[in-house]
Amino acid sequence: MPYICVFTPTYNRSGYLRRIFDCLTRQSFDDFEWLIVDDGSTDDTKEVVENLSDIASFPIRYFFQENGGKQRATNLALDHCDCPIFFGLDSDDWLVENALEVVAHYFRSIWNDDDIAGVIALRGSAVDSPLGTWMPSGLSEVNVWDLYYEYGFKGDAAQIYKTNLLKRYPYPVVEGEKFISEGIVSYTIAQHYKMSLVNQVLVLGTYQEGGLTDNSYSLIRQNPLGYILVKELSLNMSKHFIQKCYQMTLLLAAYRIAYRKRSYRNSDHKLLAILCYLPSWIAYYMLMEDGKR
């Protein structure tokens, strides 16, 4: 059984897979497998993976599913993963050459600590250029929610988990929707566990035109029920009044998109909902007007 599972969900991005293969071939740590879930691609993804498997020096496992989104692909990968460590790597990203060695080193030090779910490292455009800030100075362990909302971390991060723990928190699947923010899992885990911080860029990449970041408003409009789940969780985890107002404003806007305008009446935050009523209309129109451009 390999120690680390590098998991890549992919959809019609066969041209990027060779770059991941090359970076995995160059790794200074070799006790890993590459698990690929093809989310219903119509290009030559399967043929590319078969060709790479023929020349690989490490195990490659390939699974195909009907197009259902990254959350379903991740759940499928976890069902088939027996490796102790689960490292998600998007199809348009790649690893620095010692990334898996660094990950293995950190996991050895936290493995017997039941309060830590995994490690969180940086994603960047280069090893000295994170896509956001560096990790907060003097902090070695923290839950993901506090990292962003209490310590002011900004930008992208690679979250690598103990597989057995992550299996206890699968992505919720909403019928008819194909996207939900990764925050639904990381924030849920943050209620119970911390992460060990790695203040190094281990994952390289850029924001791709047409990617998730580029299409964030469109994803909310197309997947409002999943967005509601994330905002309800975020509202309940918020510790400060301004945070709560922000999350409630977005939640009310999502309710309108999903035609659930009166859902807030069953909320434990009715007074806050009234306070955020007018700002939520502004947020709603911003989301909807963006779709008309």
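This structure is a prediction, so every number in the text was calculated from the model and none was measured.

Further remarks concern the overall build of the protein. Scanning the protein from N- to C-terminus turns up twelve helices and ten strands. A globule of 293 residues ought to have a C-alpha radius of gyration of about 19 Å, and the protein, at 20 Å, matches this closely. Along the first, second and third principal axes, the C-alpha atoms of the protein reach 60 × 45 × 35 Å. For the protein, buried positions account for 52% of its 293 residues. Sequence-distant contacts, at least 24 apart, represent 79% of the contacts inside the protein between residues at least 6 apart. With an accessible surface of roughly 14,400 Å², the protein has 50% of that area assigned to carbon and sulfur atoms. With 28 positive and 36 negative side-chain charges, the protein shows a spacing of 10 Å between the two charge centroids.

Before going further, it helps to spend a moment on the pattern of salt bridges. In total, this model carries nine salt bridges according to the counting rule given. Its salt-bridge partner being Arg 13, residue Asp 92 comes within 3.1 Å of it at the nearest N-O pair. Pair noted here: Asp 92 is in the loop between β4 (85-88) and β5 (94-95) and Arg 13 is in the loop between β1 (4-10) and α1 (14-25), with a separation of 79 residues, a long-range link. For the salt bridge of Arg 61 with Glu 33, the shortest nitrogen-to-oxygen distance reads 3.0 Å. Of the two residues, Arg 61 sits in strand β3 (residues 60-65) while Glu 33 sits in strand β2 (residues 32-39), which places them 28 residues apart along the sequence. Look at Arg 61 and you get partly exposed, because its relative accessible area is 27%. Since its relative accessible area comes to 5%, Glu 33 is described here as buried.

Take helix α3 (residues 70-80) next. When α3 is considered as a whole, its buried residues turn out to be Gln 71, Ala 73, Thr 74, Asn 75, Ala 77 and Leu 78. Elements that come into contact with the buried residues of α3 comprise β1, β2, β3, β4 and α6 (163-166).

This part is about the environment of Val 230. Residue position: Val 230 is located in helix α9 (residues 224-237). Sequence separation of Val 230 and Ser 218 is twelve residues, and the distance between their C-alpha atoms is 16 Å. Residues within four places of Val 230 in sequence aside, it is in contact with Ile 180, Ser 181 and Ile 184.

Moving on, we come to the packing of aromatic side chains. Inspection of the entire model under this criterion finds 13 aromatic pairs. Judged by centre distance (5.6 Å) and plane angle (40°), the rings of Phe 21 and Phe 58 are tilted. Taken together, the residues span a long stretch of sequence, with Phe 21 in helix α1 and Phe 58 in the loop between α2 (45-55) and β3 at a distance of 37 residues. According to the relative accessible area criterion, Phe 58 is buried, its value standing at 8%. Both rings, one in Tyr 284 and one in Tyr 285, keep their centres 5.4 Å apart while their planes meet at 65°; by these two values the pair is edge-to-face. Overall, Tyr 285 belongs to the partly exposed group, its relative accessible area being 46%. By way of ring pairs, the aromatic residues Tyr 277, Trp 281, Tyr 284 and Tyr 285 are connected into one cluster. One residue, Arg 13, lies across the ring of Tyr 16, its end atom 5.5 Å from the ring centre. For the cation-ring pair, Lys 162 lies above Trp 111, with the distance from its terminal atom to the ring centre recorded as 5.7 Å.

This paragraph deals with the nonpolar core. Counting 77 residues, the largest nonpolar core has Ile 4, Leu 24, Trp 34, Phe 87, Leu 95, Leu 100 and Ile 189 as the members making the most contacts within it. Beyond its immediate sequence surroundings of up to four residues, Leu 24 is in contact with Val 6, Phe 32, Trp 34, Phe 58, Leu 95 and Leu 100. Judged by nonpolar contacts, the second largest core, of 20 residues, contains Leu 252, Tyr 255, Leu 272 and Tyr 284.

Turning to the environment of Ile 55, a few remarks are in order. Note on placement: Ile 55 falls in helix α2. For Ile 55, a relative accessible area of 52% puts it in the exposed group. If near-sequence neighbours (up to four positions away) are discounted, Ile 55 is found in contact with Arg 18 and Phe 21.

Analysis parameters
- Residues numbered from 1 in each chain as written.
- Predicted model: local features only at pLDDT ≥ 70, side-chain atom pairs only at ≥ 80, totals over all residues.
- Heavy atoms only, no water.
- Helix = DSSP H or I, 4+ residues; strand = E, 2+ residues; numbered from the N terminus.
- Rg over C-alpha atoms; globule rule 2.2 N^0.38 Å.
- Buried < 20%, exposed > 50% of the residue type's maximum accessible area, 1.4 Å probe, protein only.
- Contact = heavy atoms within 4.5 Å.
- Areas by Shrake-Rupley, 256 points an atom, 1.4 Å probe, with all protein chains shown as cover.
- Lys, Arg positive; Asp, Glu negative; His and termini not counted.
- Charge placed at Lys NZ, Arg CZ, Asp CG, Glu CD.
- Salt bridge = Lys/Arg side-chain N within 4 Å of Asp/Glu carboxyl O.
- Phe/Tyr/Trp six-rings, centres within 6.5 Å; stacked < 30°, edge-to-face > 60°.
- Lys NZ or Arg CZ within 6 Å of the ring centre and 35° of its normal.
- Core = buried A, V, L, I, M, F, W, Y, C linked by side-chain atoms within 4.5 Å.

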